[in-house]
Amino acid sequence: MRSLRKRGGWLALLAALALVAAACSSDDTADTTATTADGGTGNTTTTADGGTTDPDPGGAGGTYQTALTADLTTDNYWSYLDTEASAYNGFVLGQSHPALYTLSIPNFLVVPVLASGEPPETVQEGDVWTATIPLREGMRWSDGEAVDANDFVFTGEVAQEFALGSNWLTYWPEQVTGVEAIDDYTVKITFTEDQPGLSIYQNGVAQSPIMPEHHWASVVEEARGSDDPKAALYAASGLGEPSAGTNVFNRWEQGAFASITANPDYYYSGTKYTTYADLSWTQSNGSDVDETYYGAGGGEVLSEYTDGPFVDEIIYSEYGSQDAAYLAFQEGDVDYVFNPSGIPTGRREELRSIEGLEFAINPSEGFRYMAFNLRKAPMSDPAFRQAFAYVIDKEFVTGSVLGGAALPIYSLVPEANAAWYTDEVNKWGFGLTEGERFQAAVQVLTDAGYTWDVTPEQVVDDDGNVVDNAFIDGEGMRQPDGTAVPEIELLTPGPGLDPLRSTFATWIGQWGERLGVPMDVNPTDFNALQDKTFPPQTAESVLEWDLYMLGWGGGDPSLPCTSHQAFFGADQDSVTGGGFNTPGYNDAEFEALSEEFDLATDLTTARSLCADMEKNISENLPYIVLFSTPITDAWRSTVEFPVTDVLGGLNGYPNGWPGQVLVSE
Amino acid sequence: MLRFIGVRLVQMSLLFLVFLTLLFFLLQAQPGDFSRQFLDPNIPAENRDLIAARFGLDQPLWRQYLTYMGNILQGDLGVSFARYPRSVVSVISERLPRTFFLFTFATMLSYYLGFMLGKVLAWRRGGSQEMGITLGGVILYTVFYPWFALVMIWFFAAYLDLVPVNQFLTPIRWREAPFSANTVFASIIWSTLLLTVGLGLSLWASRKPDNLAQQRLIRWGGVGLSFALFLAFWLPSDRRTFATDIAHHAVLPIFTLALVAFAGVMLITRGSMLETLKEDYILTARAKGLAPKTIRDRHAARNALLPVTTSFVLGLAFIIGGGLITETVFSWPGMGELLLVSVQNQDIPVAIGSLAMVGALALIAHIVVDVLYVFLDPRIRYQ
C-alpha cells in the first residue's frame, strides 16, 4: 500500500499544478489590451516636420506600461519635494500639480500655467518688493474644485510655517516674506528689501507647485496639533488627492507598481505648444488659449507637440534592479524603462538587436570634473592647474580610449542648453597634438618657476628631430620656492562604479607623471570619497585631499549658473560656509559676477553674466571640466513621444512625458 | 527543563543586546550617513543640517547608540530615513509576508526533496543512481547562484514562456484589485498553514485507534476535510485570481531556490542515514524479516531525522532574512531586497530592524531546537 505521505505528496503537487494552471489561464476581467482612441490604428502627433493628424486627448488611448529601476518611496507630494526627493517619485507624482509658471520644452523658458501672461515686473512698495500676478480662470482640480489664488497662498503658508525643506525651500526661500490672495484670481507675493532676481522670483516662487487647499487643509490642521507637524503632514497618503495636471495618482502597491490615470478635465488638454527657431513660443488650443511669448512666433518650427493626456493609464512597475527592469523590457512586459542615467553601456548593443524598439541619444545636463584643492600648494598655483589643463587630452580619452562612450566638454553648461551655453571659454590645448600639449604645459610650469632634476622633454632622435609621442619624464620636480612637489593624490571612483572616470584618472596620472608630478591615483569608495571632500569639512580635514574626480547633474537648465554660484562662490566654501565650493575658490571677479547675477531681473543680463562666470572658471580652473555622458533611451515602437531630442533624455523634462505620450496596439 | 529554558532565555537576551550593539556600530562604520543623500547644490547647508538633526545624525555616535538602544528596549524600532516618516515596523510588515511566503515554500520543498532523496541514496549506496544524484545535487549546491537564477529565468520565462520574468504580480491585473497584495499573501499563508495543521492532525489522530479501518477512515477523512475546507475558502473567494497570479510568479523562484538548496539536505540525510543503518536495531529489524522499505522509512529514516530537523528549524529562522540575491534577481520585494537597499542608502534603522528580527528568530530557533531534541531523542536530558 502506498503510504499516506507519498499520496499527500502527490496531492500537494497536484494542488500546486492546479494553482499554476489557474494562474496561467486567461482572465477576461483582469487582462487589458492596449488600444488606441481611433480604433487601434495608432494616433500620430504633430511634429516639427509636419506630422499629419492631431491626436485626441482625454485619455482613451490604452495603457502605457513602464518600469522604474528603484522603488517609489512616497505618494505624498509634500514629502516628495523634501525628504523623499527622488527622480523615481518625480516620474510618478511629478505631473499632478500646477504652478504659476513652468519651463517650456525643449528650451527651458519660463512660461505661464496658472498665471495669466508672463511674469509681471516686481515693484517697490516702501521697503519691500512685490509682484502681483493675475491668474487665469477656468482651471479646475480633478474633483471639480477651482484652482485659484487661495491654493497658491495655502501652499506658501504651509511651506514656510512647517519649515518644509529641500525643494520647498528653493520655491519659498526666506526672501519671500509674504503671499496673499488679492482676490480669487490674483496673488501678491512680497519679497525682502532687495529686488528679487530670477532665481528667487521667476525661477523660484513662481514655479512652486500648487497644492489643493480643500484636500489638504484638514490634514494640515491636524498636523499643526501634533508633536511633529512636518512628520504628520508627510505621513498622510496622497491617494485621493485631486490633480490639476495631466494625470491623477491612482494606486500604489508598495514594492510592486504604481499607476496614474488620465485627468480628462486637464485644462491644457489639446493645447498645441510650438517652439520657433527664434526661441519664441506659443500655446494654442484654438479657443481660450492662444498666446505667444519670447517673440512674435512664426518662422522655422523647432518643435511642436500637443498636450494630452492620451493614455488611460500609466503603470510604473517597480523592479529591484536595473537588470530585472531591462529584462522585463526585453520580454515586452514594459514599454519603457525609467532610468535617469539612461541605458547602461553594456546593455545598449543587446537591446539594439531586438526588433520593434526605437532609440534616442541625448546630451546629459551633468558633467564629470576634476577638482583642485586650492588651499594647498602646488594646487593653489594657477600655473600648476593650467599645466594639467594642457596635458589632459579629453578628445583622445573619450574618442580613442573610451570609444565615444563619453563626450569631451569645456564648460559646465552643456552645449545642448543653447540659450545659456557659451563657446568663449578657454579650451586649454584644444586642437594641439600630444607633443604640443606637453610642451605648452612644461612651458607654463617653467615660466612659473618650477624646476626639475630631470627636465621633462620630448625625445629627439639622432638627426635632431622631435620624435612624436616619445617623452622623457620629468624627475625631481620642485616648486618655485624650491621645495619638492609632494606626491599628489587623485581620488577617483573605482572602475566598478564608474569605469569612465577611473580610466580618465589613470591617464591623468600618467600625464602628471610625465610632467614630473609624483602622482598617486587612488580608486576610492564613493561614500568615502564624498566623506573626504564634501561638506561638512574642517580647516584640518579639508587638507586631506589634493585632487578628486566626481560629477554633477540635475542642475536647473533654465538658470544653470546658480550651480556655478554653489560650486565656486566664496560663501559656499565647504569649510567656512558648509557649501559645495570644495576647492576653496575665492576670486573677486567671480564674486562680483555672482552678485550681479543674483540681482539680474532679465534673461539677457543673466545669460551674459553666466557666460562671464563660465569664462572665469575656465581661466582659473578650480575644476577641470572633463566629459559628459550621452543618455541613451529605448522604447517600444508602439509608443510615441512628442519630442525625443531633449537635454537629459526622455527621463528628464517633464518626467517622461506622461501627459503627452501615445501608445498604439 | 523549565530551569534550562529560563537560563537560556536570559543568555539569549544578553546575546541579543550584544548582537544589536555590534550591528549598530558595524552599520555606522560605513563612510558617510543618510544625510549624504541631500548633497545637492540646490539645498542650502542649513537645510541639510536640519535634515541631519531630524534623523539624529548630528549627535555623537555614543548618544545615537544610547538613544537607539533605549528605543529598542521600549519596542520602538524608529522611523525609516528613506521612507520618512514611516515606522520601521510598518516597512518590515509590508515586506515580511512576501519573503515568508516565498522562502517557506522553497524551504519546505527543498527539505522534502532533500530528505526523500537522501534516504534513498543511503539505502542504495554504491550504485550508479547514487553517484548520479549526488553529483547532480553537488553541482546544483555549488553553482554560482546569480548566474543559475538568470539561466532559469532565461530558459523557463524568456525561452519557454511558461512563467513570468520577474516581480510577484502582474500589475495590469492588480490595478483595480479591491485589496492589497499583502492581504492576499496573508490569506495564502493562513490558509496553507491551516491546511498543514489539518493534515498534521489527521495523521496524528489516525494513529490513535488500533483498528486499521478506523485509522484509514480518520486519515483520509481528515485529509479530505482539510482540502475541502481549503477549497471552500478559495474557490468562491474574489482573491482567488490574485492568489493564483502570485503563485504563478512564485513558481520559478521557489523551484530555483529548492533546486539549489535540496542537495545540502540530501547530503545531511544521507550521512545521517548511513550512520543509522550501522546500528544494531536495524540489523535486528532485518533479522525479523521486516520489509526493506519499512526498515528504511520507519526505523532508519526517523532516527536519521535529528540533524535534518536541526537544520530545518534553524533554516526557518533565517527565512525572514530573505534571499538578497533571489529577491534582487527575481525582483521580489521582500526582506532581502529591503536589507540591501537600506544598507546601500544608509537607512540604518531599517537595516538594523531587519537584521535584529533575523537575529531574534535565530536565537529563538536555537532554543526550539534544544527543546525539540528532548522530544525527538528520549536519551537527551537537560540538567
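Residues numbered from 1 in each chain as written. Chains lettered and ligands numbered in written order. Predicted model: local features only at pLDDT ≥ 70, side-chain atom pairs only at ≥ 80, totals over all residues. Heavy atoms only, no water.

### Digging into the overall build of chain A
Our working rule: Each helix is a run of DSSP H or I of at least 4 residues and each strand a run of E of at least 2, with the numbering of both proceeding from the N terminus. Here the globule rule reads 2.2 Å times residues to the power 0.38, and the radius of gyration is calculated from C-alpha atoms. Only protein chains enter the calculation, and the probe is 1.4 Å; a residue is then buried if its accessible area is under 20% of its type maximum, exposed if over 50%, and partly exposed in between. Any pair of residues with heavy atoms lying within 4.5 Å of one another is described as a contacting pair. The Shrake-Rupley method, run with a 1.4 Å probe, gives the accessible areas here. Residue values count only the displayed protein chains as cover. Counting rule for charge: Lys and Arg are taken as positive, Asp and Glu as negative, and neither His nor the chain ends is counted. Think of each charge as sitting on NZ of Lys, CZ of Arg, CG of Asp or CD of Glu.
For chain A, the count of helices and strands is 17 helices and 27 strands. A compact globule built from 665 residues should have a C-alpha radius of gyration of about 26 Å, and chain A, at 28 Å, falls within 12% of that. The buried share among the 665 residues of chain A stands at 56%. Nonlocal contacts in chain A, meaning residues at least 24 apart in sequence, comprise 70% of its contacts between residues at least 6 apart. Here chain A has roughly 25200 Å² of accessible surface; of this, 48% comes from carbon and sulfur atoms. Averaging the positions of the 28 positive and the 100 negative side-chain charges in chain A gives two centres separated by 10 Å.

### A short note on the nonpolar core
Generally speaking, nonpolar side chains in soluble globular proteins are found buried as a group. Residue and element names in this part refer to chain A. Threshold: Residues enter a nonpolar core if they are buried and are Ala, Val, Leu, Ile, Met, Phe, Trp, Tyr or Cys, with the set joined through side-chain atoms within 4.5 Å.
In terms of nonpolar packing, the biggest core is built from 98 residues, with Trp 78, Leu 100, Trp 168 and Leu 233 touching the most fellow members. The element contributing the most residues to this core is helix α4 (residues 149-161), with 6 residues. If you look at the next biggest cluster of nonpolar residues, it comprises 80 residues, including Leu 198, Trp 420, Met 519 and Tyr 623.

### Remarks on the interface of chain A and chain B
Think of interface size as the accessible area that goes away when the parts come together; that is how it is often given. Heads up, the rule is: Simply put, the buried area is the total loss of 1.4 Å probe accessible area from both parts when two parts are fitted together. Basic side-chain nitrogens of Lys or Arg form a salt bridge, by our definition, when they fall within 4 Å of a carboxyl oxygen of Asp or Glu. For the purposes of these results, a polar contact is taken to be a pair of N or O atoms within 3.5 Å, where, inside protein, one atom must be able to donate a hydrogen and its partner to accept one; residues adjacent in sequence count only when each atom of the pair is a side-chain atom.
Chain A puts 67 residues into the contact, and the matching count from chain B is 65 residues. Between chain A and chain B the total buried area reaches about 5500 Å² when both faces are included, carbon and sulfur atoms providing 56% of it. Across the chain A-chain B interface, the total number found is 4 salt bridges. With a closest N to O distance of 3.0 Å, Arg 95 of chain B and Asp 71 of chain A form a salt bridge. At the boundary of chain A with chain B, the tally comes to 16 residue pairs in polar contact (both at pLDDT 80 or more).

### Section: the pattern of salt bridges
Pairing between side chains of opposite charge can happen when their charged atoms approach one another. All names here are of chain A. Here the structure, examined in full by the defined rule, presents 33 salt bridges over all chains. Two residues, Glu 291 and Arg 136, come together in a salt bridge whose shortest N-O distance is 2.9 Å. In this pair, Glu 291 is assigned in strand β12 (residues 290-293) and Arg 136 in the loop between β5 (128-134) and α4, connecting sequence segments 155 residues apart. Like Arg 136, Glu 291 is buried.

### Describing the state of the cysteines
One way to say it: the disulfide is the covalent bond shared by the sulfur atoms of two cysteines. Residue and element names in this part refer to chain A. In plain terms, the rule: When two cysteine sulfur atoms are found within 2.5 Å, that pair is recorded as a disulfide.
The full count for this structure, using the stated rule, is 1 disulfide over all chains. Across the disulfide, Cys 561 is cross-linked to Cys 610 (sulfur-sulfur distance 1.8 Å). Where Cys 561 bonds to Cys 610 through sulfur, the torsion about that S-S bond is close to 75°, and the disulfide is right-handed. On the criterion of sequence distance, the pair formed by Cys 561 in helix α15 (residues 561-568) and Cys 610 in helix α17 (residues 603-620) is long-range, its members being 49 residues apart.

### Side note on the side chain of Asn 76 of chain A
All names here are of chain A. Inspection of the secondary structure assignment puts Asn 76 in the loop between β1 (63-68) and α2 (77-80). Note on Asn 76: relative accessible area 0%, which makes it buried. In terms of polar contacts, Asn 76 uses its side chain to reach the backbone carbonyl oxygen of Leu 233, at 2.8 Å. Beyond its immediate stretch of four places on either side in the chain, Asn 76 contacts Leu 93, Trp 216, Leu 233, Tyr 234, Ala 235, Ala 236 and Gly 238.

### Quick look at the domain arrangement of chain A
Residues and elements named next belong to chain A. For clarity, the cut-off: By convention here, the domain bounds are inherited from an automatic or database domain assignment.
Its domain assignment divides chain A into domain 1 (17-265 + 630-663) and domain 2 (367-628). Its C-alpha centre places domain 1 at a distance of 38 Å from the equivalent point of domain 2. Taken residue by residue, the interface counts 13 residues in domain 1 and 21 residues in domain 2. Here domain 1 and domain 2 share an interface that buries about 1300 Å² over both sides, 65% of which is from carbon and sulfur atoms. Looking at the side of domain 1 facing domain 2, the largest losses of area belong to Leu 198, Pro 630 and Leu 647, adding up to 40% of the total buried there. Linking domain 1 to domain 2 there are 2 residue pairs in polar contact (both at pLDDT 80 or more).

### Describing empty space enclosed by the protein
Residue and element names in this part refer to chain A. The test is simple: Using only the protein atoms, space was sampled on a 1 Å grid; points where a 1.4 Å probe fits but cannot get out form cavities, open sets with protein on both sides within 12 Å along at least five of seven lines form pockets, and lining residues are those with an atom within 4 Å of a point. Grid points are joined across faces, edges and corners, and a volume is the space filled by probe spheres set on the points. Basically, the charged four are Asp, Glu, Lys and Arg, the nonpolar ten are Ala, Val, Leu, Ile, Met, Phe, Trp, Tyr, Cys and Pro, and anything else, Gly included, counts as polar.
The full count for this structure, using the stated rule, is 8 cavities of 30 Å³ or more. Its volume calculated, the largest cavity comes out at about 110 Å³. What lines the largest cavity is a set of 13 residues, among which Lys 394, Tyr 410, Asn 426, Leu 621 and Val 625 lie closest to the centre. Here the residues of the lining of the largest cavity are counted per class, giving 9 nonpolar, 2 polar and 2 charged. Its boundaries defined by the atoms lining it, the second largest cavity holds a volume of some 70 Å³.

### Topic: the pairing of strand β25 (residues 631-636) of chain A
The two faces of the sheet receive side chains in turn, since in a regular strand these alternate between them. Most of β25 of chain A sits inside the fold, with 6 of its 6 residues counted as buried. With burial as the criterion, each face of β25 of chain A is covered, one bearing Ile 631, Asp 633 and Trp 635 of chain A and the other bearing Thr 632, Ala 634 and Arg 636 of chain A.

### Observations regarding the pairing of strand β23 (residues 547-552) of chain A
Residues and elements named next belong to chain A. Put simply, the rule is: Any two strands between which DSSP finds at least two bridges are classified as paired.
Within β23, 5 of the 6 residues are buried, leaving the element largely enclosed by the surrounding structure. Pairing of strand β17 (residues 367-372) with β23, which is carried by 6 bridges, proceeds in the antiparallel orientation. Paired with Tyr 369 across the two strands is Leu 550, which belongs to β23. The pairing of strand β21 (residues 488-493) with β23 spans 2 bridges and is parallel. Bridging from a neighbouring strand, Leu 490 pairs with Leu 547 of β23.

### Overview of the packing of aromatic side chains
Note the following rule: Note on ring pairs: Phe, Tyr and Trp rings are taken, using the six-membered ring of Trp, and paired if centres are within 6.5 Å. Classes follow the plane angle, with under 30 degrees stacked, over 60 edge-to-face and the rest tilted. A ring is scored as having a charge over it whenever the NZ atom of a lysine or the CZ atom of an arginine sits within 6 Å of its centre and within 35 degrees of its normal.
What the rule picks out here adds up to 70 aromatic pairs over all chains. Taking the centre distance of 5.6 Å and the plane angle of 40° together, the rings of Tyr 316 of chain A and Phe 338 of chain A count as tilted. Remark: Phe 338 of chain A occurs in strand β15 (residues 336-338) and Tyr 316 of chain A occurs in strand β14 (residues 313-318); sequence separation between them is 22 residues. An identical accessibility class is assigned to Tyr 316 of chain A and Phe 338 of chain A; each is buried. When the centroid spacing of 6.0 Å and the interplanar angle of 20° are considered together, the rings of Phe 155 of chain B and Tyr 159 of chain B count as stacked. Residue Phe 155 of chain B and its partner Tyr 159 of chain B are located together in helix α6 (residues 145-159), separated by 4 residues, close to a single helical turn. Overall, Phe 155 of chain B belongs to the partly exposed group, its relative accessible area being 33%. One aromatic cluster is present, formed by Phe 367, Tyr 369, Phe 534, Trp 545, Tyr 548, Trp 552, Phe 567, Phe 568, Phe 580, Tyr 585, Phe 590 and Tyr 623 of chain A through successive ring pairs. Seen from the ring of Phe 430 of chain A, Lys 427 of chain A lies directly overhead, with NZ or CZ sitting 5.4 Å from the centre. It is Arg 239 of chain B that lies over the ring of Phe 179 of chain B; its NZ or CZ is 5.4 Å from the centre.

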